Amino acid sequence: RRGVLDMIERGPQRIVAVLPQLIIFIKNALNTRDPDIVQTTLKIMQTMVKADERIGESLVPYYRQLLPIFNLLKANNKNSGDSIDYSQRKRVNVGELIHETLEMMEMYGGPDAYINIKYMIPTYESCMVV
């Protein structure tokens, strides 16, 4: 965790060069389906995408590897009924984090991002204003 965040802080321009190696670890972390690991991975992906404008576009070719697990986990929202859900403030709801991450991937992913997201996740709706 700390190593990835240090890499993002100190050299975001170098991430694009090692992205193919990072994708393997990101995919493995998402495939564990452990909520804590998935939450941390999604937060790191969001930080990576915001760190350098080239990272978002560089992720687009890897959507076919990453987005199927997003599609499986996006429905993991906590149903609290009529009680108050504080996980929104703490950002621990996996479904909400996946939605946020998809929106960031669309915003920073360039012109082809939405088409590729929509292909892999048919229920996704664009966050960009037309």
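In this text the structure is predicted, and so the values were computed from the model without any measurement. (Residues numbered from 1 in each chain as written. Predicted model: local features only at pLDDT ≥ 70, side-chain atom pairs only at ≥ 80, totals over all residues. Heavy atoms only, no water.)

1. Brief notes about the environment of T47
Residue position: T47 is located in helix α3 (residues 35-51). Residue classification places T47 among the partly exposed residues on the basis of a relative accessible area of 31%. Each C-alpha atom, one on T47 and one on T101, is 9.7 Å from the other, the two residues being 54 residues apart in sequence. Engagement of the side chain of T47 in a polar contact is seen with the backbone oxygen of K43, the distance being 2.9 Å. (Helix = DSSP H or I, 4+ residues; strand = E, 2+ residues; numbered from the N terminus. Buried < 20%, exposed > 50% of the residue type's maximum accessible area, 1.4 Å probe, protein only. Polar contact = N/O pair within 3.5 Å; in protein donor to acceptor, adjacent residues only side chain to side chain.)

2. Comments concerning the confidence of the model for the protein
For any part of a model where pLDDT is low, the fine detail of the predicted coordinates should not be relied upon. Of all residues in the protein, 86% attain a pLDDT of 70 or more, and the chain-wide mean is 86. Per-element confidence in the protein ranges from a low mean pLDDT of 56 for helix α6 (residues 87-90) to a high of 93 for helix α8 (residues 113-120). (pLDDT = per-residue confidence, 0-100.)

3. Brief notes about the environment of T41
Within the secondary structure, T41 sits in helix α3. With relative accessibility at 9%, the residue T41 sits in the buried group. Along the sequence, T41 and F25 sit 16 residues apart, while their C-alpha atoms lie 9.4 Å from each other. Ignoring sequence-local partners within four residues, the contact set of T41 consists of I26, A29 and L30. (Contact = heavy atoms within 4.5 Å.)

4. Examining the packing of helix α1 (residues 2-10) against α3
Between α1 and α3, the shortest axis-to-axis distance is 10 Å and the interhelical angle comes to 10°. Of the possible angle classes, the one that applies to α1 and α3 is roughly parallel. Packed against α1, whose contacting residues are V4, L5 and I8, the element α3 presents I44, T47, M48 and A51 at the interface. In terms of residue class, the contact of α1 with α3 is built from 6 nonpolar, 1 polar and no charged. (Axes fitted to C-alpha atoms, helices over the stretch in contact; angles between N-to-C directions. Parallel < 35°, antiparallel > 145°, perpendicular 65-115°, else oblique. Nonpolar A, V, L, I, M, F, W, Y, C, P; charged D, E, K, R; others polar.)

5. Examining the packing of aromatic side chains
In total, this model carries 1 aromatic pair according to the counting rule given. With 6.2 Å between their ring centres and 45° between their planes, Y114 and Y124 make a pair best called tilted. Here Y114 is found in helix α8, whereas its partner Y124 is found in the segment after α8, with 10 residues between them in sequence. Its relative accessible area of 30% is what places Y114 among the partly exposed residues. The class of Y124 is buried, set by a relative accessible area of 4%. (Phe/Tyr/Trp six-rings, centres within 6.5 Å; stacked < 30°, edge-to-face > 60°.)

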